[in-house]
Amino acid sequence: MTLLEQLFQAIVSGKSKDAKALAQQALTEGVRPTELVDRALVPAMADVGEKFKTGVIFVPEMLVAARAMKEAMALLAPHLAAAGISPKYTAVIGTVQGDLHDIGKNLVAIMWKGANFRVLDLGTNVPAEKFIAAIKEHQPHVVGLSALLTTTMPAMAATVQAIRASGTPPVKVLIGGAPINSQFAREIGADGYAPDAATAVDIALQLVA
Ligand code: B12
């Protein structure tokens, strides 16, 4: 098994210590951090999701796999976000109300920091009012909303609507998460959608240009 396959396997089986050690070993051997994310971490979560959907594993196994993913990600974060000197743009990001998934949102936050954004992360299960308060306080250029459940997509729509109606300074709203697509973004009046963290950087930069 290659190192990337071992890392994939460690995450799928929820072995946090192994995942961290293997990620460290890969970095030491010169594997690029983005390659680790794209070829081991993200595919591992996709595999876990498939196993959950088909009843091979249940929530506890999904939880330990997520923990292993986070451990590996924490190790990679400083390498992904090259320290920008003084951030040029400000972004607020959070997972919408009712939704506790944060791995993808965290990855977007890391990549935005790497692209020289100051990022205020409001966490998960964030009500619209909290987004609005943060926009008023920090006047960001971009707001990122994440949703991983089909059942929290309406909360995303309601959040966009509440931001637009709140009288905050105009702000670009960018949305993402596994069930989201560009058509949904158009329907709910968001300014953009990105399917992954790398594209989230490109779209955010386009929106603020
Ligand atoms: C890990 C996980 C969990 C963990 C979350 C841990 C954590 N801290 O995040 C735990 C165990 C807590 C969990 C709980 C639940 N989960 Co869950 N979970 C997953 C799983 C396996 C992986 C998600 C993930 O981290 N992916 C990896 C990241 C990197 O990808 P991502 O999140 O998609 O993010 C990328 C893009 O979408 C995008 N992106 C994401 N956010 C944003 C934001 C912006 C602004 C932009 C531009 C882009 C962007 O960029 C990211 C990076 O490339 C998915 C399966 C899947 N394939 O998605 C199921 C999944 C999302 N869960 C599911 C379900 C059903 C649940 C539960 C309801 C289970 C239950 N019965 O309790 C609960 C709900 C809890 C809640 N209220 O939120 C279902 C949802 C089904 C549906 N149609 O809605 C899925 C799809 C599994 C399945 N196949 O059935 N889950």
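Analysis parameters
- Residues numbered from 1 in each chain as written.
- Predicted model: local features only at pLDDT ≥ 70, side-chain atom pairs only at ≥ 80, totals over all residues.
- Heavy atoms only, no water.
- Helix = DSSP H or I, 4+ residues; strand = E, 2+ residues; numbered from the N terminus.
- Rg over C-alpha atoms; globule rule 2.2 N^0.38 Å.
- Buried < 20%, exposed > 50% of the residue type's maximum accessible area, 1.4 Å probe, protein only.
- Areas by Shrake-Rupley, 256 points an atom, 1.4 Å probe, with all protein chains shown as cover.
- Lys, Arg positive; Asp, Glu negative; His and termini not counted.
- Charge placed at Lys NZ, Arg CZ, Asp CG, Glu CD.
- Donors = N, O, S within 2.8 Å, 3.2 Å for Na, K, Ca; no water.
- Pairing = 2+ DSSP bridges.
- Right-handed = clockwise from strand over helix to strand, strands pointing away.
- Contact = heavy atoms within 4.5 Å.

Draft legend 1. Geometry of the overall build of the chain. Secondary structure assignment for the chain yields nine helices and five strands. Beginning at the N terminus, the succession of helices and strands in the chain can be written as α-α-α-α-β-α-β-α-β-α-β-α-β-α. Here the C-alpha radius of gyration of the chain, 17 Å, is about what a compact globule of 209 residues would show, namely 17 Å. Here the C-alpha coordinates of the chain stretch approximately 55 × 45 × 25 Å along the principal axes. Per-residue burial over the chain gives 45% buried out of 209 residues. Counting every atom, the chain has about 10500 Å² of accessible surface; 57% of that belongs to carbon and sulfur. In the chain, 18 positive and 18 negative side-chain charges are present, and the distance between their average locations comes to 5 Å.

Draft legend 2. Broad picture of the coordination of the cobalt atom of the ligand. Here the protein supplies the cobalt atom of the ligand with just one donor, His101 (NE2), and that contact is 2.3 Å long. Along the chain, His101 turns up in the loop between β1 (89-95) and α5 (103-114).

Draft legend 3. How the structure looks around the pairing of strand β3 (residues 142-146). Within β3, five of the five residues are buried, which leaves the element mostly enclosed by the surrounding structure. The two faces of β3 match: Val142, Gly144 and Ser146 on one face and Val143 and Leu145 on the other face are all buried. The pairing of β3 with strand β4 (residues 172-176) spans five bridges and is classified as parallel. Directly across from Val143, in β4, lies its bridge partner Val173. On the question of chirality, the crossover connecting β3 to the parallel β4 by way of helix α7 (residues 153-165) is right-handed.

Draft legend 4. How the structure looks around the side chain of Lys105. Along the chain, Lys105 turns up in helix α5. Setting aside residues up to four positions removed in sequence, Lys105 forms contacts with Ile93, Gly94, Thr95, Asp121, Gly123 and Ser146.

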